[in-house]
Amino acid sequence: MIRTQRLAAGVCALLAALTAGLAFPAGAVADETTAAAPKVDLVLDVSGSMRTKDMDGGTRMAAAKQAFDEVLDATPENVLLGIRTLGAGYPGDDRKTGCKDTAQLYPVGPLDRTEAKTAVATLSPTGWTPIGPALLKAAGDLDGGTGSKRIVLISDGEDTCAPLDPCEVAREIAAKGIGLTIDTLGLVPNVTMRRQLSCIAEATGGTYTSVEHTDQLTDRVNQLVDRAADPVVTPVATEGAASCAAAPTLKSGLYTDREEFGRQRWYRVDVEPGQELRASVSVAADRAVNPDYGVLLRAVTTHGREIVRGEATGNGRTDVVSTGLRYPKADADDDEAPAETVCVQVTNSYSAAAGVKTTPGLPLELTVDVVDGPSQASDVASFGLGRGWWLLGALVLFGFLAGVLWGWLSRWRVAVWRTN
């Protein structure tokens, strides 16, 4: 009897241990999955102007609610979604209080569609339009995790709480290098609002869309939520130096930085014999700049000798200028040959327009890729033509033969004409 009780107790202990052993790894996997999940915060303007009836015969608020209902139904399961409001709680005239009126209606996390829809149904157009404070709070809502982060701002008017300029807020968020994108949607064709919402979006690499119909609003928000679920490479924030000696050493990856007007940034990359360095840079004008600007990307030795460069210019018609370069390092006979440190320099010739702030610097995105080099590294670097020299030679030979043939035919025709 005692032996039977001991056996039963041992079996129970074994089952408990197995259960605990299985439970903890599953929890760890769940935590890792949640940490890497994409996050979206829908920020909705619920100010008094949302009562206006110009969206398919109904109010702007009714159109937003209908769109939210359909978007919540279509949200992918792996997206952690939240809803924040601005101007939904304070109906008074005190500006200081009205400019604090932003609240998290539904916390960012796994979506309970019924609960989220119920929360949206209770909204009523009320007060001010504190876009800047709402964006700051929304960035905090999305804090943490390694997945993509996206704010979708839906508004029908410009911010009423300056001097906290929402465009400056967006630039500050972008300068943190957390990979957060802000997309904006304007519900009325207003020039001032369009400029402000466009500036917010451009500062973080997002998009601005003008919407005048309910189905357009639904479709666009659905697209943006689905885009957040797509796998993306999150850029890593780095800080270049004023000289190569003090520059950070980068590995293959995508990096973001800020570069002041007319200044330069240095980075270091180690390239092994037989490898090829491929680098590209994009500098964005996230504010008003003077026309005629350019970006220069150089690969330089630690002794200051230029290896190769890439450059691009703009005349004011585009907000982003990009260029790139390739540097193949020849293979070495010695297997223990050391890696070469290549200094990568980024220089811009942007100048700020009158009255425009120069800080923070312009957003910079640098891509570094160190790959196995081609079989003949020197061939790739030959005046940038690489193996195109073969094609160039063939074209020259073909042109020469075609010229000789055409000359012979011309002489033959002239001789026939004279004979006749």
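The rules behind these values
- Residues numbered from 1 in each chain as written.
- Predicted model: local features only at pLDDT ≥ 70, side-chain atom pairs only at ≥ 80, totals over all residues.
- Heavy atoms only, no water.
- Helix = DSSP H or I, 4+ residues; strand = E, 2+ residues; numbered from the N terminus.
- Contact = heavy atoms within 4.5 Å.
- Areas by Shrake-Rupley, 256 points an atom, 1.4 Å probe, with all protein chains shown as cover.
- Expected span 1.5 Å × (residues − 1).
- Buried < 20%, exposed > 50% of the residue type's maximum accessible area, 1.4 Å probe, protein only.
- Arc of directions from axis to C-beta.
- Salt bridge = Lys/Arg side-chain N within 4 Å of Asp/Glu carboxyl O.
- Disulfide = S-S within 2.5 Å.
- Phe/Tyr/Trp six-rings, centres within 6.5 Å; stacked < 30°, edge-to-face > 60°.
- Pairing = 2+ DSSP bridges.
- Axes fitted to C-alpha atoms, helices over the stretch in contact; angles between N-to-C directions.
- 1 Å grid on protein atoms, 1.4 Å probe; cavity = no way out; pocket = protein on both sides within 12 Å on 5 of 7 lines; lining within 4 Å.
- Points joined across faces, edges and corners; volume = space filled by probe spheres on them.
- Nonpolar A, V, L, I, M, F, W, Y, C, P; charged D, E, K, R; others polar.
- Polar contact = N/O pair within 3.5 Å; in protein donor to acceptor, adjacent residues only side chain to side chain.
- pLDDT = per-residue confidence, 0-100.
- Patch = residues over 30% accessible without salt bridge, like charges linked within 9 Å, V, L, I, M, F, W, Y side chains within 5 Å.
- Lys, Arg positive; Asp, Glu negative; His and termini not counted.
- Charge placed at Lys NZ, Arg CZ, Asp CG, Glu CD.
- Parallel < 35°, antiparallel > 145°, perpendicular 65-115°, else oblique.
- Right-handed = clockwise from strand over helix to strand, strands pointing away.

1. Observations regarding the overall build of the protein
- The secondary structure content of the protein amounts to 10 helices and 17 strands.
- Excluding contacts between residues fewer than 6 apart, the proportion of contacts in the protein whose partners are at least 24 apart in sequence is 75%.
- Per element, the accessible surface of the protein, about 22,400 Å² overall, is 56% carbon and sulfur.

2. A look at helix α2 (residues 60–74)
- Here α2 spans 21 Å end to end across 15 residues, near enough to the 21 Å set by a 1.5 Å rise per residue.
- Within α2, burial applies to Arg-60, Met-61, Ala-63, Ala-64, Ala-67, Phe-68, Val-71 and Leu-72. Looking down the long axis of α2, one finds its buried residues gathered within 160 degrees of arc, a one-sided arrangement.

3. Concerning the pattern of salt bridges
- For the coordinates displayed, the defined rule picks out 18 salt bridges.
- The closest approach of N and O atoms between Asp-54 and Arg-60, which form a salt bridge, is 2.8 Å.
- One salt bridge connects Asp-286 with Arg-258, and the closest N-O pair in it is separated by 3.1 Å. In this pair, Asp-286 is assigned in the loop between β12 (275–284) and β13 (293–300) and Arg-258 in strand β10 (residues 253–259), connecting sequence segments 28 residues apart.

4. A short note on the state of the cysteines
- Under the counting rule described, the total for this entry stands at three disulfides.
- The disulfide partner of Cys-167 is Cys-199, and the S-S distance across this bridge is 1.6 Å. A torsion of -45 degrees about the S-S bond marks the disulfide between Cys-167 and Cys-199 as left-handed. Residue Cys-167 is found in helix α6 (residues 166–175), and its partner Cys-199 is found in helix α7 (residues 191–203); the two are separated by 32 residues along the sequence.
- Here the protein pairs its bonded cysteines, counted in sequence order, in the arrangement 1-2, 3-4, 5-6.

5. Points about the packing of aromatic side chains
- With the rule as written, the count across this model stands at one aromatic pair.
- With 4.4 Å between their ring centres and 15 degrees between their planes, Tyr-293 and Tyr-350 make a pair best called stacked. Taken together, the residues span a long stretch of sequence, with Tyr-293 in strand β13 and Tyr-350 in the loop between β16 (340–348) and β17 (362–372) at a distance of 57 residues. Just as Tyr-293 is buried, Tyr-350 falls in that class too.

6. Structural notes on the sheet that holds strand β14 (residues 306–314)
- Pairing within the open sheet is antiparallel, and its four strands lie in the order β11-β16-β13-β14. Sheet topology places β11 (264–271) and β14 at the edges, where each strand pairs with a single neighbour. Taken pair by pair, the neighbouring strands of this sheet meet at an average axis angle of 15 degrees, ignoring direction.

7. Topic: the layout of surface pockets
- Roughly 880 Å³ of internal volume is contained in the largest pocket.
- Together, 42 residues line the largest pocket, and Thr-204, Gly-205, Pro-235, Thr-256 and Glu-365 are the ones closest to its centre.
- Of all the secondary structure elements, the ones that give two or more residues to the lining of the largest pocket are β6 (149–155), α6, β7 (180–186), α7, α8 (214–229), β10, β12 and β17.
- Among the elements that line the lining of the largest pocket, the one with the most residues is β10, at four residues.
- For the lining of the largest pocket, the residue count by class is 18 nonpolar, 12 polar and 12 charged.

8. Digging into the environment of Asn-348
- Note that Asn-348 resides in strand β16.
- The buried category is assigned to Asn-348, whose relative accessible area is 3%.
- A sequence separation of 85 residues divides Asn-348 from Arg-263, and the C-alpha atoms of the two residues are 6.2 Å apart.
- With sequence-adjacent residues up to four places away left out, Asn-348 is seen in contact with Glu-259, Glu-260, Phe-261, Gly-262, Arg-263, Gly-294, Val-295 and Leu-362.
- Polar side-chain contacts of Asn-348 include one of 3.0 Å to the backbone nitrogen of Gly-262.

9. Thoughts on the confidence of the model for the protein
- On average, the protein scores 84 in pLDDT, and the residues at 70 or more come to 87%.
- Scored below 50 in pLDDT, residues 1–9 shows zero contacts in the model against residues more than four places distant or in partner chains.
- Here residues 13–30 scores under 50 on pLDDT; set against residues more than four positions off or in separate chains, the count is one contact.

10. Comments concerning a negative patch on the surface
- On the surface, Asp-56, Asp-69, Glu-70, Asp-215 and Asp-219 cluster together into a patch of negative charge.
- Elements that contribute at least two residues to the negative patch include exactly α2 and α8.
- Within the secondary structure, Asp-56 is located in the loop between β2 (53–55) and β3 (58–59).

11. Details of the packing of α6 against α7
- One way to put it is that α6 packs onto α7 with a least axis distance of 8 Å and a crossing angle of 5 degrees. As summarised for this structure, α6 and α7 are arranged roughly parallel, according to the angle between their axes. The segment α6 lies against α7, with Pro-166, Cys-167, Ala-170, Arg-171 and Ala-174 engaging Gln-196, Cys-199, Ile-200 and Ala-203.
- The residue makeup of the contact of α6 with α7, split by class, is seven nonpolar, one polar and one charged.

12. Some points on α6
- For α6, a buried count of seven out of 10 residues is recorded, marking the element as mostly surrounded by other parts of the structure.
- Buried positions along α6 lie against α5 (131–141), β7, α7 and β10.

13. Considering the pairing of β6
- Burial analysis of β6 places seven of its seven residues in the buried class, the great majority of the element.
- Burial of the side chains of β6 extends over both faces: Lys-149, Ile-151, Leu-153 and Ser-155 are buried on one face and Arg-150, Val-152 and Ile-154 on the other.
- Note: strand β1 (residues 39–45) against β6, six bridges, orientation parallel. Each residue of the ladder has a partner; that of Lys-39, found in β6, is Lys-149.
- Of the pairings in the sheet, the one linking β6 to β7 comprises seven bridges and is parallel in character. Each residue of the ladder has a partner; that of Ile-151, found in β7, is Ile-182.
- After leaving β6, the chain enters α6 and then returns to the sheet as β7, a path that is right-handed.

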